[in-house]
Amino acid sequence: MESMWSLSSGPMPPVDPSEGASHQISVLGAGHVGLVTAVGFTHHGMRVRVGEAGPERLALLQSGGVPFHEPGLAPLVTEGIEAGLLTFHASNAEATEGASTVFLAVPTPAGTNGSADLSAVESAIRSIAPVSTDDTAVVVKSSVPPGSWRRIQAWMDDAGCAGSLVINPEFLQEGMALAGVLEPVRVVIGSLDPAAADLVASLHAPLETTILQTDPASAELTKYAANAYLAMRVTFANTIANIADVVGADMTDVVRGIGLDPRIGTDFLRPGPGYGGSCFPKDLPALIAVAGEHGLDPVLLAAVVEANEQQVHRVIGKLADGLGSLKGRRIALLGLAYKADTDDTSGSPAIKLAAALVEAGAEVRAYDPVAAVALEGVEQVASISKALEGADLLLIATEWPEFAGIDPAAVSVAMRGNVVVDARNMMDKQKALAAGLDYRGMGR
Ligand code: UGA
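Residues numbered from 1 in each chain as written. Predicted model: local features only at pLDDT ≥ 70, side-chain atom pairs only at ≥ 80, totals over all residues. Heavy atoms only, no water.

J.: I'm lost on empty space enclosed by the protein in this one. Help?
T.: Rolling a probe over the atoms, with the probe sized like a water molecule, indicates the empty space that remains. All chains considered together, the criterion is met by one cavity of 30 Å³ or more. Space inside the largest cavity adds up to approximately 30 Å³. As for the largest cavity, its lining consists of S142, S143, V144, I167, P169, A219, E220, K223 and Y224. Here the lining of the largest cavity is composed, by residue class, of five nonpolar, two polar and two charged. (1 Å grid on protein atoms, 1.4 Å probe; cavity = no way out; pocket = protein on both sides within 12 Å on 5 of 7 lines; lining within 4 Å. Points joined across faces, edges and corners; volume = space filled by probe spheres on them. Nonpolar A, V, L, I, M, F, W, Y, C, P; charged D, E, K, R; others polar.)

This is the structure we're talking about:
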């Protein structure tokens, strides 16, 4: 290997279809990352066998279904199945036998003290040990905190899992996940074995992207650094929006004003009720835990986590300001998902808001175009208008495009009260005020 760090960018040589077909790929775990990764390859003519341990999910996939909401995914799953390139298997060993490359896309949930629980990675390693060979690239797609590769290598050694370890983090966003695999802005491949890294790089040959080859720890840290930075930007936007509220500034203009500076840009500066999902809320504590294990005190990251926790209370404060007591008041809650275009409610600020409102004695009627949740005290209804009927206050908690089209005049007629807390800045403020609504946005 010339250097541990190498970079290739732009289109790689076009993939020879016969060569693509000869790559036998296995993906373990048909969650968001695994399934999207699999169709990314089958879409380019490669053969992928997916191992999935959950019997219900497996049966659904085998019958051509998709277990979660992700725009554009279902047609690509159908395409892969119909082309005979995509199959689903209960046994990881069956999915992996004869594969040159095995992608581990199993969950790494929060464990104790914020650290990530990698037990599913260990089990996956053990399950493929009998069928791995010296030439197998064992590729970790799951988010594993910086430094984990040493533990994973030790599990491989202990289980007799031959082959080379490669860390290849996923950067896809739920709701726009296909872009993450079909048009990735970069692919990071970390391995001590240049041949294994090159093999994984070659699978990305059909893509016009930048491939960054690194050592394993750098690949792991790149993933956590990216998420920590993005979470910090969102938290920064929320902090400035809160200041905009108290000084009478308009956060939309402030974001435009700072975003024109090319060093800053406007992405990931939309204020809201705080970040959620299954990634940022889990990855920041895991990064803090790793730093702590090495005697560091990453106060910046801890502050991001704390400020994000406070943000939901900040939104509840806006409701209380608008209504006085929340007890017995009827709240129309629009949105349950942690963000638009997903049915995922993990770590969703909308759910935290709903729970806090129920706790305060409010009556909550919620509507979400896709997400559903069983939450005591929350009635889930089938339309925006049902949620609004007779409500004292409207709370917009998720930025579904459908909510941008809401007519403030119609809201004013449907509701009993007139307070709107727009935690995603979806509504036209001037129209809302003109319709007689007591509009409260985020830093507007
Ligand atoms: C995030 C990263 O963006 C992906 O690159 C990464 O691959 C993924 O985590 C992961 O680790 O698997 P995701 O959780 O799908 O992706 O969602 P984002 O679109 O990043 O949004 C995260 C949270 O920030 C959401 O709650 C969203 O509402 C919030 N957000 C985002 C804002 O409040 N304002 C913004 O301007 C942007």
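J.: For this particular structure, what's the right way to read the packing of helix α12 (residues 280-293) against helix α13 (residues 299-323)?
T.: Packed helix pairs are characterised by how far apart their axes lie and by the angle those axes make with each other. It is the contact of α12 with α13, at a shortest axis distance of 10 Å, that shows an interaxial angle of 150°. Overall, the two elements α12 and α13 adopt an arrangement that is roughly antiparallel. Between α12 and α13 lies a crossing of left-handed hand. Where α12 approaches α13, its residues L284, L287 and I288 are matched on the opposing element by L301, A302, V304 and V305. Per-class residue counts for the contact of α12 with α13 are seven nonpolar, no polar and no charged. (Axes fitted to C-alpha atoms, helices over the stretch in contact; angles between N-to-C directions. Helix = DSSP H or I, 4+ residues; strand = E, 2+ residues; numbered from the N terminus. Parallel < 35°, antiparallel > 145°, perpendicular 65-115°, else oblique. Left-handed = near helix turned anticlockwise from the far one by under 90°. Contact = heavy atoms within 4.5 Å.)

J.: Sorry, what's going on with unusual backbone geometry here?
T.: Glycine aside, a negative phi is what most residues show, and trans is what most peptide bonds show. Positive phi values are uncommon outside glycine, yet N113 reaches one of about 50°. Residue position: N113 is located in the loop between β5 (101-104) and α6 (119-128). Even without being a glycine, N425 presents a positive backbone phi close to 50°. With respect to the element layout, N425 can be found in the loop between β14 (419-422) and α18 (429-434).

J.: Quick question: what am I supposed to make of the side chain of Q311 here?
T.: Mapped onto the fold, Q311 is located in helix α13. For Q311, a relative accessible area of 3% gives the class buried. Side chain to side chain, Q311 and N242 meet in a polar contact 3.0 Å long. If sequence neighbours within four positions are ignored, Q311 has contacts with N238, N242, G272, P273, G274 and M442. (Buried < 20%, exposed > 50% of the residue type's maximum accessible area, 1.4 Å probe, protein only. Polar contact = N/O pair within 3.5 Å; in protein donor to acceptor, adjacent residues only side chain to side chain.)

J.: Can you help me understand the packing of helix α10 (residues 216-247) against α12 in this one?
T.: Contact geometry for α10 and α12: axes closest at 9 Å, N-to-C directions at 115°. Considering how the two elements wind past one another, α10 and α12 form a crossing that is left-handed. Contacts between α10 and α12 pair L221, K223, Y224, N227, A228, L230 and A231 from the former with F280, D283, L284, A286 and L287 from the latter. Taken together, the residues of the contact of α10 with α12 sort by class into nine nonpolar, one polar and two charged.

J.: Help me understand the sheet that holds strand β13 (residues 393-396), please; the structure alone is not making it clear to me.
T.: In any sheet, the strands associate via hydrogen bonds between backbone groups, in a parallel or an antiparallel arrangement. Taken together, six strands build an open sheet; the order of strands is β12-β11-β10-β13-β14-β15 and the sheet is parallel. Each edge of the open sheet carries a strand with a single partner, namely β12 (378-380) and β15 (438-440). On average, each strand axis in the sheet is tilted by 20° relative to the strand beside it, whichever way the strands run. When strand β10 (residues 330-334) meets β13, the two strands line up parallel, connected through four bridges. (Pairing = 2+ DSSP bridges.)

J.: What am I meant to see in the site of the ligand here?
T.: In the region of the ligand, 20 residues are neighbours, and F171, L172, Q173, K223 and N227 sit closest. A distance of 2.8 Å separates a nitrogen atom of the ligand from a polar backbone atom of R270. Take K339: an N or O atom from its side chain is 2.8 Å from an oxygen atom of the ligand. For the shell around the ligand, the secondary structure elements donating two or more residues are α10 and α12. Of the residues contributing to the shell around the ligand, the split by class is 10 nonpolar, three polar and seven charged. (Near = heavy atom within 4 Å.)

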